[in-house]
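# Structural features, examined
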Amino acid sequence: MNNDLWSMADIISTVEFNHTGELLATGDKGGRVVIFQREPESKNELFSQGEYNVYSTFQSHEPEFDYLKSLEIEEKINKIRWLPQQNAAHFLLSTNDKTIKLWKVSERDKRPEGYNLKDEEGRIKDLSTVTSLQVPVLKPMDLMVEVSPRRLFANAHTYHVNSISVNSDYQTYMSADDLRINLWHLDITDRSFNIVDIKPVNMEDLTEVITAAEFHPHHCNLFVYSSSKGTLRLCDMREAALCDKHSKLFEEPEDPSSRSFFSEIISSVSDVKFSHSGRYLLTRDYLTAKVWDLNMESKPLETYQVHDYLRSKLCSLYENDCIFDKFECAWNGSDSVIMTGAYNNFFRMFDRNTKRDVTLEASRESSKPRAVLKPRRVCAAGGKRRKDDISVDSLDFTKKILHTAWHPTENIIAIAATNNLYIFQDKLNSEMH
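Please read these numbers as outputs of a predicted model, since none were measured by experiment.

### Looking at the packing of aromatic side chains
Counted according to the given criterion, the structure contains 19 aromatic pairs. Each ring, one from Phe250 and one from Trp292, has its centre 6.0 Å from the other, and the planes form 75°; the classification is edge-to-face. Of this pair, Phe250 sits in strand β18 (residues 248-250) while Trp292 sits in strand β21 (residues 288-293); the two residues are 42 residues apart in sequence, bridging distant segments of the chain. Phe250 gets classed as buried once you look at its relative accessible area, which sits at 0%. Through successive ring pairs, a cluster of aromatic residues spans Phe261, Phe262, Tyr318 and Phe324. One Lys or Arg, Arg352, reaches over the ring of Tyr280 and ends 4.7 Å from the middle of that ring.

Spelled out as structure tokens, the structure:
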């Protein structure tokens, strides 16, 4: 896409692989969903990538206006979640701030021909001309991908929806906004059950908001939600219908010596993801990524510094509002490596076994076919600079990687950098280094 011609509507706002990794969906600020399909790898070519090409594009949401509250509801896609495939068709959920939609994506490569009462153009025939009966037949046609809306889940959120998560029972899903989490049945659109409500009686007493929520990958009764205070709450729907009382609270005690004006802002959790095994939780706050063990609530198992060199820059990041950016995080298929984004179109990877980490850049230069990604290093203000180091003062804070996704089984990653989608894959190494 030509950088000069892109508009705000083209900014990618969510990225999600389906359960097999064969499809990859992106949503953007203009309310569009673009689905990419992986091409079969060629056995003859050594470097055939099994590339992802556009499979279907459709308008998921339109801008709306809430007349009761005099509020514009923007069309931006906040989240996309795929449903596990049950038949030849694919289904996905997409949401903007208020309305969740279920879409069916199906293929058609045959069309019926030889109707008795209609001609080839579809016009009704003069019945007096019909002298014999014929059996319609299916004739091959060019492949057509059809996307149709199947369900519309609306009017359940007063505040902005920040998360949707499909349950492992494949029948229900939840949607979370700033103060409430609702449980839906995929077949029922006119009602949902409120399972978490942290709204105080008096809004002046509000001290925290829900920032993200996700179901456990294997236990349909468990889910977790994160808060702007840096806490995680694990809830069990078997204990009570309303899960305001959590089963477990994961919270790291604050070090009083490092407390500052920005402490509360930078401790807000922007994303939470269960590991594929269901044993661990990965969270991201402004400066760090943390791995929590479900069996240990007192402190994280691992803490990774994403861009600690920004600690001295928090004042200017507060002034330009970057300190409120919400970075997402992702696990690789074996839960051994985690990935999250940063500024200057950088993204970070941390190997949990070797404790090695790497900073890579999503750029036009690195996206040429078979280009090898070169590790980058940022030098803190006043620190010693080595060749090729980037000074923290020269980072571009308008180029931020907020949305990333990892293929469920292979070392293929999708990186959204403003209006560009980068897909990188590691063909040779077992890990992404």
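### Notes on the side chain of His61
Assignment of secondary structure puts His61 in the loop between β4 (52-59) and β5 (64-66). Taking relative accessible area as the criterion, His61 reaches 0% and is therefore assigned buried. A polar contact of 2.8 Å, which involves the side chain of His61, links it to the backbone oxygen of Thr99. Setting aside residues up to four positions removed in sequence, His61 forms contacts with Gly30, Gly31, Glu75, Ile77, Ser94, Thr95, Asn96, Thr99 and Lys101.

### Some thoughts on the environment of Ala371
With respect to the helices and strands, Ala371 occurs in the loop between β26 (357-361) and β27 (378-379). Distance in space between the C-alpha atoms of Ala371 and Val15 is 23 Å, their sequence separation being 356 residues.

### Quick word on the pairing of strand β16 (residues 222-227)
Burial analysis of β16 places six of its six residues in the buried class, the great majority of the element. Alternating residues of β16 divide into Leu222, Val224 and Ser226 and Phe223, Tyr225 and Ser227, and every residue in both groups is buried. Bridge count between strand β15 (residues 210-215) and β16: five bridges; the pairing is antiparallel. Among the inter-strand pairings, Glu214 is bridged to a residue of β16, identified as Val224. As consecutive antiparallel partners, β15 and β16 are separated by six residues. With five bridges joining them, β16 and strand β17 (residues 232-236) adopt antiparallel strand pairing. Residue pairing in the sheet places Phe223 in a bridge with Cys235 of β17. Here β16 folds back onto β17 in antiparallel fashion, the turn holding four residues, of which Gly230 has a positive phi close to 90°.

Reading guide: rules and limits
Residues numbered from 1 in each chain as written. Predicted model: local features only at pLDDT ≥ 70, side-chain atom pairs only at ≥ 80, totals over all residues. Heavy atoms only, no water. Phe/Tyr/Trp six-rings, centres within 6.5 Å; stacked < 30°, edge-to-face > 60°. Helix = DSSP H or I, 4+ residues; strand = E, 2+ residues; numbered from the N terminus. Buried < 20%, exposed > 50% of the residue type's maximum accessible area, 1.4 Å probe, protein only. Lys NZ or Arg CZ within 6 Å of the ring centre and 35° of its normal. Polar contact = N/O pair within 3.5 Å; in protein donor to acceptor, adjacent residues only side chain to side chain. Contact = heavy atoms within 4.5 Å. Pairing = 2+ DSSP bridges.

Interpretation note: all reported values are geometric properties and have no functional meaning in isolation.
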